[in-house]
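# Fold and contact review
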Amino acid sequence: MAIDTDKLHMVDNQLQKRALNSAIRTLKEVADSLGDADAISMLHAGEATYSYLRQYFMTGNPDPSRGEMLERVAETLRCVKDLLLRRSLREGSGAYYAAWRLVDLRKYNIQKLLKQYREVMAQVSLAETVGDVPETLGSRRYDLLDSIFLAVMTSFQNDENNKAVMDAINDADSDISLQTQLIYALVLGLAAVFDADKVQMLLDLAMDADMPEQLQSVAYIGIAIAFTAYPDRLSHQGKLSASIGTFADTPECVARMRSVIKAIAGTRDTERVANKVKDEVIPEIMKIRPDMLGKMRDLSADFDPESLENNPDWQEMLDKSGITRKLEELTEMMSDGADLMMVTFSQLKKFPFFQRINNWFMPFDINNPNLHISDEDRAFMEKLTSVTDFICDSDKYSLALAVSQTPANHRHMVMSQFNAQFEQMHQEIHEKLPSSGRPDFDREVVKSVRDLYRYIFLGRNTGDFFNIFKSKLDFTHFPIIGDKLKDAEFLSVMSEFYMKRGFYSEALVLFQQLAGLNQPVSSVWQKIGFCRQKAGNFSGAREAYMKSELLGDSSKWLVKKLAFVNRKLGDFASALEYYDRLLSEDPDNVRLLINSANCAVNTGDVDLALQRFHHADYLKAGDVEIQRGLAWAELLAAHYDKAEKLYSILLSGSPTSADWLNAGHNAHLMGSYRKAADRYHKAAEEAKADFELAYTADIPTLRRLGASDDSIYILFDEIL
């Protein structure tokens, strides 16, 4: 039977109004129609508790725990709604619900699967002591990991399963692959459906000082997802709120959460990096490719390959093409956390290996039987992965799979080149690894974030999972811990990062919070203004820029911005004042002269406009933009002969529709109506509607300059 999801969504409003009886009735209707025993049982318990509370309230006796008990009942009803809503989506085509159906079909039992896994690992350990592990045994191990992952990911509100999972993670005999898979399964399950128990488990793991940083990094990512995806739900959790409070009161936990936020924010820039490589770097390289090949053909047969290194000719070619600048920008973006490896490895995620969800999160193991690596390839991969500990595990699997399927002759060439440069590469890479107070955790969290990013963006049917990389990471409003995260230093770091990478709305929120924390700082108001300007809020930008000005900032940058936003707002008189200030220090700046002249035109000061346009024309003779502005100013000054000469030049080049229109106005005002009509026809060729709007807007100007209504409307009618 289909579930009435509209009724389920009504429950949120009923609970918000604290109408618990109404919520219970609504949920009962849905649960009874489905015969959902778990939901019905939870509803009976919640209803009984609420009935007892109401009866005791009517006696008039005080009850200090009443508020807490009411919130527990409300949360029970929210959990029932979650249960029923999850069931309503069961037949969906996404990865989570497909996995849930598979788990139910195969009747997976987490406790039994974990027991089987321990038995298999005991056999693996025994086999390793006497020789190689049989491939069938290795395959059985990884098949069990797949089943365990799916079962844990889709387990929901199940205390027995949760205990079994935590026991397995904390078991000293559990291998790192099992532990990692279990924690990632918790994270993905939570990303699909809210489950307070999963949040509690991840908090416990994050606060466990004995937990390896490789595992803790994953738990912290799950907590960040919970804070971002379910802030309202977390705020209604009594016991869970207490755990979050303990987490927030632990300085190391707060510091690590900052690292996670920086890693997630840095990875958000990955798409822009990929587009930059695809749309800018590669096309530029392809453009200079013929020149590069030509230079290589010119080399003598016995040239020294090392002579190409640091060759000034090659460097000059790269500089002129702009590739050097683009590569420098990419390097800077990478240092801020952008993931250039995504560009490299995204095409290597189409192997059948990645059809299993859990393989995206499998710690790299060269002995994984799914790789089918030869002994020769194994030695190469072991050496390669020893210097690539900054590459996430799914990329290492991509690399190993690619190597195993590369033709032998090509593979040998790559191996020989790599071996020759191994030591230098090893040294350079480790010099560039992060150097913070928590380098191991920072490195692990970056790798874990990248594994998640690859699955969310490259995996199949991942729409079931909350995408933290496409969401605003508003960490200052995280439940309870938000206040601890928004100290001035961290706000400054993150706001600068967001602004630098073009995430202006996120940067604006943080800069505004910085402005509230600190004594007024002009630079912060500058940046608030810039972010507002980028969002198209020119009024807000002007307000912020003026606050910066009041705080004593008189920099040329700020004056330019004030001139610009005033011009965009149509306050040309104010804009002109700022341009005058700029020109007093830089009187021969052509761009300033043009902008100020245009503002002068709009204020009606045609004489000043002519003066500035003529000055600009003297400095940059023949510039089309200057000629266009000067011609219009001459027309407004009724210097029609001068304007005609300029329009004749413009029309002989590559005129715009506006040029034809304005040249038509000049002929019109000179009384050359046939010429005016011809020019108006040209102006209207591309779009008559646009011409009609522009012509109508100019009628007051034509009248002021002496054109009669007869000429205005006859010519207008002629064109239409």
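Residues numbered from 1 in each chain as written. Predicted model: local features only at pLDDT ≥ 70, side-chain atom pairs only at ≥ 80, totals over all residues. Heavy atoms only, no water.

To continue, consider the overall build of the protein. If you tally the helices and strands in the protein, you get 37 helices and zero strands. Sorting the 720 residues of the protein into buried and exposed places 49% on the buried side. Total accessible area computed for the protein in this model is approximately 35400 Å², and 51% of it derives from carbon and sulfur atoms. (Helix = DSSP H or I, 4+ residues; strand = E, 2+ residues; numbered from the N terminus. Buried < 20%, exposed > 50% of the residue type's maximum accessible area, 1.4 Å probe, protein only. Areas by Shrake-Rupley, 256 points an atom, 1.4 Å probe, with all protein chains shown as cover.)

Turning to the pattern of salt bridges, a few remarks are in order. Across all of its chains, the model carries 40 salt bridges by this definition. Of the charged contacts, one joins aspartate 440 and arginine 443 as a salt bridge, the two residues approaching to 3.2 Å between their closest N and O atoms. Separated by three residues within a single helix, aspartate 440 and arginine 443 lie in helix H22 (residues 439-458), roughly one turn from each other. What makes aspartate 440 partly exposed here is its relative accessible area of 42%. Linked through salt bridges whose partners overlap, the residues forming this network are Glu71, Glu75, Arg78, Asp82 and Arg233. (Salt bridge = Lys/Arg side-chain N within 4 Å of Asp/Glu carboxyl O.)

With that settled, the discussion passes to the environment of valine 30. By the secondary structure assignment, valine 30 is in helix H2 (residues 20-34). Through-space distance from the C-alpha of valine 30 to that of threonine 5 is 8.9 Å; in sequence the pair is 25 residues apart.

Attention shifts here to the packing of aromatic side chains. This structure, assessed with the given rule, holds 32 aromatic pairs. Between phenylalanine 353 and phenylalanine 354, the aromatic rings sit 5.1 Å apart at their centres with planes inclined by 90°, giving edge-to-face as the arrangement. Exposure remark for phenylalanine 353: the relative accessible area of 7% places this residue in the buried category. (Phe/Tyr/Trp six-rings, centres within 6.5 Å; stacked < 30°, edge-to-face > 60°.)

Time to look at the confidence of the model for the protein. With 85% of its residues at a pLDDT of 70 or more, the protein has an overall mean of 86. Element-level mean pLDDT values for the protein span from 51 in helix H16 (residues 312-321) up to 97 in helix H9 (residues 176-192). Predicted confidence is poor over residues 299-311, with pLDDT under 50, and the contacts of this stretch with residues over four places away or in other chains come to three contacts. pLDDT under 50 marks residues 432-437. Its contacts with residues more than four places away, or in other chains, come to six contacts. (pLDDT = per-residue confidence, 0-100. Contact = heavy atoms within 4.5 Å.)

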